[in-house]
Amino acid sequence: MADVLYFNGRFTTTDERVLGVEDRGFQFGDAVYEVFKFLGKRPILMLDHFHRLERGLHEIDIRNPWDEASFIRMVEELLARTAFREGIVYIQVSRGEGQRAHFYPDNMRPTALAYSRHFVFPDAAKKERGIHVITTADLRWKQCHVKSVNLLANALAKKKAQRAGAHEALLVEEGIVREGASASFFVVRRGNVITHPLDEHILPGVVRDRVIGLALTAKIRVDERPLRERELFDLDEAFITSTTMGVMPVTEIDGRVIGNSRRGEVTEQLQRLFDAVEAQEQPAPARR
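A quick note: this is a predicted structure, and the numbers were derived from the prediction, not measured.

Caption draft 1: Quick peek at the packing of aromatic side chains. Applying the stated rule across the entire model yields nine aromatic pairs. Here W66 and F71 contribute two aromatic rings whose centre-to-centre distance is 5.4 Å and whose plane-to-plane angle is 75°, an arrangement assigned as edge-to-face. We classify F71 as buried; its relative accessible area is 2%. Aromatic side chains F119 and F121 sit 5.0 Å apart centroid to centroid with 45° between the ring planes, which places their arrangement in the tilted category. By the ring-pair criterion, three or more aromatic residues cluster together here, those being Y6, F11, F50, W66 and F71. If you follow R24 out to its NZ or CZ, it ends over the ring of F28, 4.3 Å from the centre. Over the face of the ring belonging to F121 we find K37, whose NZ or CZ atom lies 4.1 Å from the ring centre.

Structure representation (structure tokens):
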């Protein structure tokens, strides 16, 4: 069954081929995207994702086709047309379509699309069992705080992890662990949480930000500092955060066991706190 698709102001399905061959998102990766989840047709942290989309578009000089109110209305209708109750919404805005050239005209009309897709989120057993990860070189562009569709380096890293029997790849540059190929990365040492600081080397993860806030409220110290690769094997716990994985324990890195190869106490506490946030999240009212 085709998924519901919003494209430049109208609704259709993903069966319709709508994207022009000279769209700059297709030819240059000249686009920004977002993914958020919905549960029981309730969008989770939707406005956090919208505001990050807005910042990313501003960074690369693309006009945002929505204001907050019109974005909420679009998502409301998209989910109302969606047949299933749990899944993800994918949003993408490119600079638009025009004759292929590196120089682009000013004031191009952006291409805006969104679609819903069914997704099976991790169950309780997986959230307790955790995942294995590997390390690999960070080959991405140097503006990783922009959620660009330029994901070739990420995709190659994820494939390398899959071939190694792992679930995620940690990206390492000059001996510093930046983040996962599709997730934020945290470690726990002596009860304190450590994660890379917000700068151009990492994406400002929506779940990352919320989990840091939950940790601080729970009186858990959070150190936002560069993490050396050599520190990876002197850890009590490790976990990743993302829209689709939530708070997910990491129990093995490059074949070496972390902690006791089980979910740690701090990770479990943050998992419970974040799950409660998702359970209580209410849709934002559309401004008419």
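Caption draft 2: Structural context of the pattern of salt bridges. One pass over the full model with this rule turns up 21 salt bridges. Between R95 and D30 there is a salt bridge; the shortest N-O distance is 2.6 Å. One end of the pair, R95, is in the loop between β5 (87–94) and β6 (111–118); the other, D30, is in the loop between α1 (24–28) and β3 (31–39), and 65 residues separate them in sequence. Of the two residues, R95 and D30, both sit in the buried class.

Caption draft 3: The pairing of strand β2 (residues 10–13), seen in detail. Relative to β2, strand β1 (residues 4–7) runs antiparallel, the two sharing four bridges. Note that in β2 the partner of L5 across the bridge is T12. In textbook terms, the turn of a hairpin is the stretch between consecutive antiparallel strands, and for β1 and β2 this stretch comprises two residues, one of which, N8, has a positive phi near 45°.

Caption draft 4: Geometry of helix α6 (residues 206–217). Helix length check: α6 (twelve residues) gives 17 Å between terminal C-alpha atoms against 16 Å at 1.5 Å per residue, within 8%. Turning to α6, its buried residues are V206, V207, R208, V211, I212, L214 and A215. Positive backbone phi, approximately 65°, marks K219, located one or two places after α6.

Caption draft 5: Representation of the sheet that holds β6. Pairing is antiparallel in the open sheet, where six strands are placed in the order β2-β1-β6-β5-β3-β4. The sheet is open, and its two borders are formed by β2 and β4 (42–43), each paired with just one other strand. One ladder, built from two bridges, connects β3 with β4; its direction is antiparallel. Its bridge partner being in β4, L39 is matched across the sheet by R42.

Caption draft 6: Molecular detail of the packing of α6 against helix α7 (residues 265–280). Where α6 meets α7, the axes come as close as 10 Å, and the angle between the chain directions of the two elements is 115°. As α6 runs across α7, the sense of the crossing is right-handed. The segment α6 lies against α7, with V207, R210, V211, L214 and A215 engaging L270, L273, F274 and V277. In terms of residue class, the contact of α6 with α7 is made up of eight nonpolar, no polar and one charged.

Caption draft 7: Focus on the nonpolar core. The biggest cluster of nonpolar side chains holds 30 residues, and the ones touching the most others in it are V193, V211, F239, L270 and F274. Residue assignment for this core shows that the elements contributing at least two residues are β1, β3, β5, β10 (184–189), α6 and α7. When residues in this core are grouped by element, the largest group, six residues, is from α6. When neighbours within four sequence positions are excluded, F274 is seen to be in contact with L45, V207, R210, V211, L214, G246 and V247. Core analysis: the second largest hydrophobic core is formed by 27 residues, V32, L57, I72 and V146 among them.

Caption draft 8: Focus on the side chain of D30. Judged by its relative accessible area of 10%, D30 falls in the buried class. Engagement of the side chain of D30 in a polar contact is seen with the side chain of R95, the distance being 2.6 Å.

Basis of the calculations
Residues numbered from 1 in each chain as written. Predicted model: local features only at pLDDT ≥ 70, side-chain atom pairs only at ≥ 80, totals over all residues. Heavy atoms only, no water. Phe/Tyr/Trp six-rings, centres within 6.5 Å; stacked < 30°, edge-to-face > 60°. Buried < 20%, exposed > 50% of the residue type's maximum accessible area, 1.4 Å probe, protein only. Lys NZ or Arg CZ within 6 Å of the ring centre and 35° of its normal. Salt bridge = Lys/Arg side-chain N within 4 Å of Asp/Glu carboxyl O. Helix = DSSP H or I, 4+ residues; strand = E, 2+ residues; numbered from the N terminus. Pairing = 2+ DSSP bridges. Expected span 1.5 Å × (residues − 1). Axes fitted to C-alpha atoms, helices over the stretch in contact; angles between N-to-C directions. Left-handed = near helix turned anticlockwise from the far one by under 90°. Contact = heavy atoms within 4.5 Å. Nonpolar A, V, L, I, M, F, W, Y, C, P; charged D, E, K, R; others polar. Core = buried A, V, L, I, M, F, W, Y, C linked by side-chain atoms within 4.5 Å. Polar contact = N/O pair within 3.5 Å; in protein donor to acceptor, adjacent residues only side chain to side chain.

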